[in-house]
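Coordinate inspection notes
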Amino acid sequence: MLSSSYYMEKTENLNAAQSRALRTLTALSDREDTRTVSYPQDEEDALHYLLWIRKPEGDSPELIGALAILPLDETMVECIALIHPSARRKGFFTRLLQRARRDFARFDFLFPVPEEVGNITASLQAIGAQYDHTDLMMECLTAEWPDVQILPDALIPENLIPEEHLPEVFLWPEDTDTPIGSCRVIPLSPDCVCLCQVEISPALRGLGHGTAMIRRLLSLLRQCGICRVLLHVEKENIPAVALYKKTGFRVIETLSYCLLSSASRTDD
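What comes next concerns the included structure. Keep in mind that this is a model prediction, so the values were computed, not measured. (Residues numbered from 1 in each chain as written. Predicted model: local features only at pLDDT ≥ 70, side-chain atom pairs only at ≥ 80, totals over all residues. Heavy atoms only, no water.)

For helix α5 (residues 238-246), the complete set of buried residues consists of A240, V241, L243 and Y244. The arc that holds the buried residues of α5, viewed along the axis, is 160°, so those residues lie on one side. Exposed positions of α5 whose direction lies more than 90 degrees from the buried face are I238, P239, K245 and K246. Contact partners of the buried residues in α5: β6 (130-141), β9 (192-200), α4 (209-223) and β10 (228-234). With its phi angle positive at about 105°, G248 sits one or two positions after the end of α5. (Buried < 20%, exposed > 50% of the residue type's maximum accessible area, 1.4 Å probe, protein only. Helix = DSSP H or I, 4+ residues; strand = E, 2+ residues; numbered from the N terminus. Arc of directions from axis to C-beta. Contact = heavy atoms within 4.5 Å.)

Okay, structure coming up:
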């Protein structure tokens, strides 16, 4: 139970005061920590748990902790937390997590941890979480990629490109009944997209089709005004990492993931 000095809110839609408080808390955390995971304040699917401390009469309450839950599938959620630097190691993260786990009792919790941040990993291990995998975030700036024609035909016919946004699924090449490969492009901002679900037909792998597809995609994205392309890939997926590096991507962040299974209740 929280003492009378503290109270917790749960919301899917942050109001103006909550958003301002989160921005302040994020700025404090960024100044304190050189490596942090971005809090998903603007994610539409995020559920937020906010922990406040009551101030003396007349003063506004202060946000000392926030925890966001992002559904991944029917059995797992991603969990990202922020704690005020002055309130750390006082059990506030545990209080937020306990509340979230009551609401998602049958879900596994996946925690992203920046590389070489041992104190966070140790705290997660203390509540029963275990290392799961490591992801690389990679980036390609399309301005650095030459605007060359890799294929005789366009990846997507020009008349299928909407004026205000890009289609999410790319097929390669576009004029065949059975595409050699495909990928998904998710807009993140007017000039930035996330590349995911890159697939090449198993029987046709190792023949350079993946390289050709991504190079043509980058050229098309540049023509459409996209300046930045991001992706996540598991560090252990050596062939995929090599493919992305070959096509101009570079690693900008390394995240380890710790998994707290629904069977583990040591935080309760």
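And the narrative resumes.
Under the criterion given, the structure shown has 0 disulfides. Not engaged in a disulfide, the cysteine C183 finds its nearest cysteine sulfur in C196; these two sulfurs lie 8.3 Å apart. Residue C183 is classed as buried on the basis of its relative accessible area of 3%. Considering cysteine sulfurs only, C196 is the nearest to C194, which forms no disulfide, with 5.1 Å between them. (Disulfide = S-S within 2.5 Å.)

This paragraph deals with the nonpolar core. The nonpolar side chains of a soluble globular protein tend to be buried with one another. By size, the foremost hydrophobic cluster in this structure holds 27 residues, and its most contacted members are L195, V229, V233, Y244 and F249. Those elements that place two or more of their residues in this core are β6, β7 (169-172), β8 (181-189), β9, α4, β10 and α5. The dominant element in this core, judged by the number of residues it contributes, is α4, at 7 residues. If near-sequence neighbours (up to four positions away) are discounted, V229 is found in contact with M138, E139, C140, T142, V193, L195, L218, L221 and F249. (Core = buried A, V, L, I, M, F, W, Y, C linked by side-chain atoms within 4.5 Å.)

The next thing to look at is the pattern of salt bridges. This model, assessed by the stated rule, comprises 5 salt bridges. Note that E199 and R205 form a salt bridge whose closest N and O atoms lie 3.6 Å from each other. Residue R205 is classed as partly exposed on the basis of its relative accessible area, which comes to 49%. Salt bridges here are not isolated pairs; linked through shared partners, they connect E139, R228 and R250. (Salt bridge = Lys/Arg side-chain N within 4 Å of Asp/Glu carboxyl O.)

Next up on the list: the pairing of strand β3 (residues 62-71). Judged by how many residues are buried, β3 sits mostly within the fold: 8 of 10 residues are covered. Relative to β3, strand β2 (residues 47-53) runs antiparallel, the two sharing 7 bridges. Residue pairing across strands places I53 opposite E62, the latter belonging to β3. Looking at chain direction, β3 and strand β4 (residues 76-83) are connected through 7 bridges and run antiparallel. Bridge pairing in β4 places L70 opposite E78. What sits between the antiparallel neighbours β3 and β4 is a turn of 4 residues. (Pairing = 2+ DSSP bridges.)

Attention shifts here to the sheet that holds strand β5 (residues 108-114). Here 11 strands make up an open sheet; going across it, the order is β1-β2-β3-β4-β5-β11-β6-β10-β9-β8-β7 and the pairing mixed. Two strands bound the open sheet, and with one partner strand each, they are β1 (6-11) and β7. Sheet twist, expressed as the mean angle between neighbouring strand axes with direction ignored, is 25°. Judged from the 3 bridges that link them, β4 and β5 form a sheet pairing that is parallel. Bridge pairing in β5 places E78 opposite L110. Helix α1 (residues 16-32) rests against β1, β2, β3 and β4 of the sheet, and its axis sits at about 95° to β3. (Axes fitted to C-alpha atoms, helices over the stretch in contact; angles between N-to-C directions.)

Geometric values such as these leave the question of function open.
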